[in-house]
Structure formats: structure tokens, C-alpha cells
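A look at the structure
Now for the letters of each chain:
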Amino acid sequence: MWRSTLFVPVLEERFLAKASTRQADAIVLDLEAGIAAGRKAEARAALPSAIERLCAQNQDVMVRINMLWRPALHDIEYAVQAGVKAIVIPGCESRSQIEAVDAVVGELEVEKGLPNSQICLIPIIESSRGVRDADTVLRASDRIACAAFGIEDYLSDMSACPSIELLTMTSLSLAEAARAASVIPLVIPESLANLSDLDAFEAAARRGRQMGSEGGFAVHPGQVERLNRVFTPAPEELEIAKRIIATAREAEAAGKGAARLDGRMIDLPIIIRAKRLLDRGKRLGLLSTE
């Protein structure tokens, strides 16, 4: 899965030219916030060549569509292309939104001869209603792979001021809803707009990881670097996970249901977390897959 996903406005050639050098796990070609209202049609027309260009550079590609229905449907027509990994859907508040996008994407996959369910969906929850109904929204389609939190729009909808307490509480709620729906949370309890304090962004990313997030979105290359650092398991973490699995196997061979390692009890929940961490290390190429 993706540790870091970087938004790049599809019409900004100076950003697009360097996109694949930014070390982001995925580039999100943006048709929404990064494109002026009068240039939406121009952005759609530029999208297929931008997708092809990045895919040729072995870069994972996503597309963020617009919220309003007619622009969104036009966006999807252009976004469903070979090589696109995901469609990012802003402002998700209801099951019906996800179901409609799923249906249109499915039709276009058939029409364009693409593999069935090649493209996954990533809803962004950005409102009080979206947060309250996240459990329903995130269960609306088998295409949903990840979920994200749009903090600025959420704060605006709530007429609230940003605080660690509020953003941590809400992010945890979304992370729980995502895990309950077998969806990976890409949730960072910090505004992406705060470009001047990358240390604060990294600290928020660490809080996100502590609550189960596996990555996040970025609008600046400096944020990508911090996301990759936080969401890449450290060598010592992987070593401890290996020792946990080895200890568990020894206990099982001895007919024991639990074991001790470094003064800590090793039982099933600890073993499951260790296995997941090792699986992540393998996906990132940090460990052998044998």
C-alpha cells in the first residue's frame, strides 16, 4: 500500500516534470482543488497524456476528481485509463456517492477493455456528516482500498479551530471506521496547508501511525519525505517482530498458548501485529519474501 501520495495539479508542467523524482509512492493527478474553475475542461483533456507519462516512469498514479456530480462524471470519463491505480473522491458523505462512482467506473472499465476492478476508490471524509456516517460510507464498495481525512473542510464545516485534541479524536474515529470496514486508513491529524512546519507534520504522522494509519497525502515534497520516514518500519522494529514470531513458534512447538520475550507476554494479538509489520516490510522490499 502507499505510504505517501503527492497531489500534483495536472496542468502544472513544472510540478508534473519532477513528479516521479519526488519519491512518493503514488502521484495524485489533481482535477479538483489545484485547478481553476475555468480550466477544468483543459485539465481533463491533459489527463490521459499525464497518466501515460507517469506510468512510463513506473510511477503509481491516482486521480482526484471534483465533488459536484456533473464535473465528477466528466472527470471519471477521462480518469478511467490503463495504469490508473485509484480514483480519489473528495467530500464523501453517503453510501450513494460511492455506489454511483463504483457503477460508472465499472461501466467504463468494460467499455475500455480494462481489467475488472483494476481501479480502486479512496474516499476523502471532509465533513461532520461524513465523519458520523463513515462506517456506512466505507462499506459501500469492495473497490474502496483506503480512506483519508480532509481536515480543512472538516474544520470549516464544524466552525471549529484546529487543535491536537479535536484532530486526534476525529482521526481515530475515522481510522476505527476504516479498519472495521477492512479499509486502510491514510489519516494524518494535521493540516496539509501548514508547509512551514514539517516537524509538526511529522509528529502528526507519527500520531497517525500510532492509531493505525499506514500513510497519508502530501502537497509538498518535504511532506513526502516525512511520510516515507514515519511509515517505513525501522530495522529494529522488524527485528523485534521476527523475534516475536520465532518465540511464538517455539511456544507452539512446546504446546504452550503464550510465551515471554524480554519480560513481555507474547500472545495472539501481539503475534498478529508482528506478522502484519513483517508483511509491510516485505511489501516495501525491506525483507525477503521467502
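Residues numbered from 1 in each chain as written. Predicted model: local features only at pLDDT ≥ 70, side-chain atom pairs only at ≥ 80, totals over all residues. Heavy atoms only, no water.

**A few points about the layout of surface pockets**
By volume, the largest pocket is sized at about 870 Å³. Lining the largest pocket are 24 residues; nearest its centre among them are Arg209, Arg273, Arg276, Leu277 and Arg280. Ranked by residue count, the leading element in the lining of the largest pocket is helix α12 (residues 268-283), at 8 residues. Computed from the structure, the second largest pocket encloses a volume of approximately 730 Å³. As for the second largest pocket, its lining consists of 36 residues, of which Phe7, Arg64, Leu192, Phe217 and Val219 are closest to the centre. Listed by contribution, the elements that provide at least two residues to the lining of the second largest pocket are β1 (4-9), α1 (13-16), β6 (146-149), α7 (151-158) and β8 (216-218). No other element matches β1, which puts 4 residues into the lining of the second largest pocket. (1 Å grid on protein atoms, 1.4 Å probe; cavity = no way out; pocket = protein on both sides within 12 Å on 5 of 7 lines; lining within 4 Å. Points joined across faces, edges and corners; volume = space filled by probe spheres on them. Helix = DSSP H or I, 4+ residues; strand = E, 2+ residues; numbered from the N terminus.)

**Some points on empty space enclosed by the protein**
With the rule as written, the count across this model stands at 1 cavity of 30 Å³ or more. Met1, Trp2, Arg3, Glu214, Arg280, Arg283 and Leu284 together form the lining of the largest cavity.

**Describing unusual backbone geometry**
Even without being a glycine, Ser159 presents a positive backbone phi close to 50°. Secondary-structure assignment places Ser159 in the loop between α7 and α8 (164-180). Judged by its relative accessible area of 71%, Ser159 falls in the exposed class. (Buried < 20%, exposed > 50% of the residue type's maximum accessible area, 1.4 Å probe, protein only.)

**A closer look at the environment of Leu268**
Within the secondary structure, Leu268 is located in helix α12. Judged by its relative accessible area of 56%, Leu268 falls in the exposed class. It is 34 Å that separates the C-alpha atoms of Leu268 and Ala24, two residues lying 244 residues apart in sequence.

**Focus on the pattern of salt bridges**
Opposite charge on two side chains permits them to pair, given that their charged atoms come into close proximity. According to the stated counting rule, one finds 23 salt bridges in the structure shown. Salt-bridge contacts for Arg64 lead to Glu32; the nearest nitrogen and oxygen are separated by 3.3 Å. One end of the pair, Arg64, is in strand β3 (residues 60-64); the other, Glu32, is in the loop between β2 (26-30) and α2 (40-56), and 32 residues separate them in sequence. Both residues of the pair, Arg64 and Glu32, belong to the buried class. Counted as one network, the salt bridges with shared partners bring together Asp199, Glu202, Arg206, Glu225, Arg226 and Arg229. (Salt bridge = Lys/Arg side-chain N within 4 Å of Asp/Glu carboxyl O.)

**Notes on the packing of aromatic side chains**
In this structure the tally under the stated criterion is 2 aromatic pairs. Aromatic side chains Phe7 and Phe217 sit 5.1 Å apart centroid to centroid with 15° between the ring planes, which places their arrangement in the stacked category. Separated by 210 residues along the polypeptide, Phe7 in strand β1 and Phe217 in strand β8 bring together distant segments of the chain. Residue classification places Phe7 among the buried positions, given a relative accessible area of 12%. Judged by its relative accessible area of 7%, Phe217 falls in the buried class. Aromatic pair Phe149 and Tyr154: ring centres 5.3 Å apart, planes at 65°, arrangement edge-to-face. Here Phe149 and Tyr154 have matching classes, each one buried. Stacked on the ring of Phe7, the Lys or Arg Arg64 has its end atom at 4.1 Å from the ring centre. (Phe/Tyr/Trp six-rings, centres within 6.5 Å; stacked < 30°, edge-to-face > 60°. Lys NZ or Arg CZ within 6 Å of the ring centre and 35° of its normal.)

Purely geometric numbers; function is a separate question.
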